Every structure is written in structure tokens, then in C-alpha cells.
Amino acid sequence: MSAVIQFKNIAFTYTQDMPLFSAFSLTIEQAHITILRGENGSGKTTLTRLAMGMLKPLKGSIFLLGNDIASMQLGEIGQKVGYAFQSPEKQLFAATVYEEMTFPRLLLGHPEQEVFDRADQLLKQFDLQAYKEMYPRLLSFGEKRRLAIAAMLMNNPSYLILDEPTASLDDERVEVLSAVIEQQKKEKRGMLIVSHNEAFIRRHGDRIITLERGYVIDDSYR
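All of the points below concern the structure found in this document. Here the residue numbers are simple positions, counted from 1 along each chain's written sequence. It should be noted that, the model being predicted, local features are given only for residues of pLDDT at least 70 and side-chain atom pairs only at 80 or more, the latter also being counted only at that level, while totals for whole chains, interfaces and linings use all residues. Excluded from the side-chain calculations are hydrogens and water; all other atoms, namely the structure's heavy atoms, are used.

### What about the overall build of the protein?
Rules: Secondary structure elements follow DSSP: runs of H or I of four or more residues count as helices, runs of E of two or more count as strands, with numbering from the N terminus. Whether a residue is buried, partly exposed or exposed follows from its accessible area with a 1.4 Å probe, protein chains only, as a fraction of its type maximum: under 20%, in between, or over 50%, in that order. Two residues qualify as a contact provided that any one of their heavy atoms is within 4.5 Å of a heavy atom in the partner residue. Only the protein chains shown count as cover for residues, with accessible areas throughout obtained via the Shrake-Rupley method and a probe of 1.4 Å.
When you go through the protein residue by residue, the secondary structure sums to 7 helices and 10 strands. Its C-alpha atoms put the protein at 50 × 40 × 35 Å along the principal axes. Taken across its 222 residues, the protein has 49% of its residues classed as buried. Taking all contacts inside the protein whose residues are at least 6 apart in sequence as the whole, residues at least 24 apart take part in 66%. Accessible surface for the protein amounts to roughly 11100 Å². Of this, 50% is attributable to carbon and sulfur atoms.

### Considering the side chain of K144
Heads up, the rule is: Each polar contact in these results corresponds to two N or O atoms within 3.5 Å; when the atoms are within protein, one needs to be able to donate a hydrogen and the other to accept it, and residues that are neighboring in sequence are counted only if both atoms are side-chain atoms.
By secondary structure assignment, the location of K144 is in helix 5 (residues 141-153). Within the structure, the side chain of K144 is placed 3.3 Å from the backbone oxygen of R137, a separation counted as a polar contact. Those residues in contact with K144, other than ones at most four positions away along the chain, are P88, E89, L92, P136, R137 and L139.

### Comments concerning the sheet that holds strand 4 (residues 59-64)
The condition is simple: A pair of strands is labelled paired if DSSP reports no fewer than 2 bridges between them. Only the stretch in contact is used when a helix axis is fitted, and all axes are lines through C-alpha atoms; the angle between N-to-C directions ranges over 0 to 180 degrees.
The sheet built from 4 strands is open, its strands ordered 2-1-4-5 with antiparallel pairing. At either end of the open sheet lies a strand with only one pairing partner, and these are strand 2 (18-29) and strand 5 (67-68). The pairing of strand 4 with strand 5 spans 2 bridges and is antiparallel. Across the sheet, the residue bridging to F63 is D68, located in strand 5. Running at roughly 120 degrees to strand 1 (residues 3-15), helix 1 (residues 44-51) makes contact with strand 1, strand 2 and strand 4 of the sheet.

### Examining the sheet that holds strand 6 (residues 81-84)
Across the sheet, which stays open at both edges, the 6 strands sit in the order 6-7-8-3-9-10 with mixed pairing between neighbours. Two strands in the sheet have a free side with no partner beyond their single neighbour: strand 6 and strand 10 (215-221). Averaged over all pairs of adjacent strands, the angle between strand axes in this sheet comes to 15 degrees, irrespective of strand direction. With 4 bridges connecting them, strand 3 (residues 33-37) and strand 9 (residues 207-212) associate as parallel partners. Across the sheet, L36 pairs through a bridge with I209, a residue of strand 9.

If you want it as C-alpha cells, here you go:
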């Protein structure tokens, strides 16, 4: 089974007297929906940001789809892996919801009609079509989260990393998100998901990894 992310003997710390990871190794497979769970401070989000090149390990190596990320630009990583932040405001910049969906692809020169059709499809899928002309910052927190994930999918990434995607979503919106995840799985797109939502974890996790203070204390497949 092909690996999408490999952590090889990495070390990382936010403060010199409190290391988070030390000689940490882990391989994440492309085909699975892998869930990272654990208490706050266990290293879940830090691990995803290391995988995206947003943070740099003090020691060791990280490989993404077989490439050492130390030799990759952030933009190159972002074209291969879609990342949804725990706080969606960090990735919403456009003047309208529709521009948020379409502008990056249009800027890269993709055919207009193809971009518009894809945006309309995703906005409908995420129940956001009524907000096309709204300023994204005026959306509710749950709507911002859905928009951030929908905009990420515009790039058709090979793999997805979602940090607490169900946070602040009601049961109906979690169902919308679950349907999207199931569709992505049918399309053979793997995911790494950070979550505390036990029902969501049980529903979607092919592999469930539990972290505690920078160590894997449980790693099980279903």
C-alpha cells in the first residue's frame, strides 16, 4: 500500500524545555481515512502542520508522496494536498463566496466555464449556493468551515488533511460533511482527519491513531 506521508525520526519542540516529538516515526497510507485523536496538546495539529511544511522539524525527515518536503515549496505541497484549518478564517480572503471558489483557478488560467461549473457543483453540495455573493467573513462559523473545505476541493488535490472539520457544525451539517467524505472515498481520495467527535470517528475512520504527548499510544485498523 502506497504511503502518502512518512515521518522518519522527527523531533519538534515549541519550547526548549518541553519537546513535543522525539525520534517520532509514522507512515500514513494513501488509501485510508486516517483519524488522529487525542487530548489537546497531544500533537495532532502540530503533526498535520509538519506534514504540510508549515512547521519544520528540528531533526528527522518528512516525505510527502515520496518527496522530501524539505525540498518542496509550500505552494507545491498545497497543490498535492488540500489542508483545511481548524479556524477557517485563516484561509478565506476573497470579497465574495463565489470569488473564493473561483479566483485561484481562474488566476492559474483554467477554462472559465469549467471553473464555474465545478464551483456551482461544490456550492450546491455544501449547501452554500444561497451565499454566492456574500462576503465570506459574514458567514456563520459553520458556513465558513464548509466554504473552506469546498474551496480546497476546487484544486482537486490528491489527498486531504482536515483539522477538526465537525467543530461548530450541527448534526445536519455534519451529515452534509459526511456525505462529502464518503464521496471523496469513493473517488479513491485518502484523508487524514483530526477529530474529537467520537461518532464521526467511528463512522469514517479506517485507521484510528491516538496520540498522547507526542507519542502514539494506540494505532488500530477497522
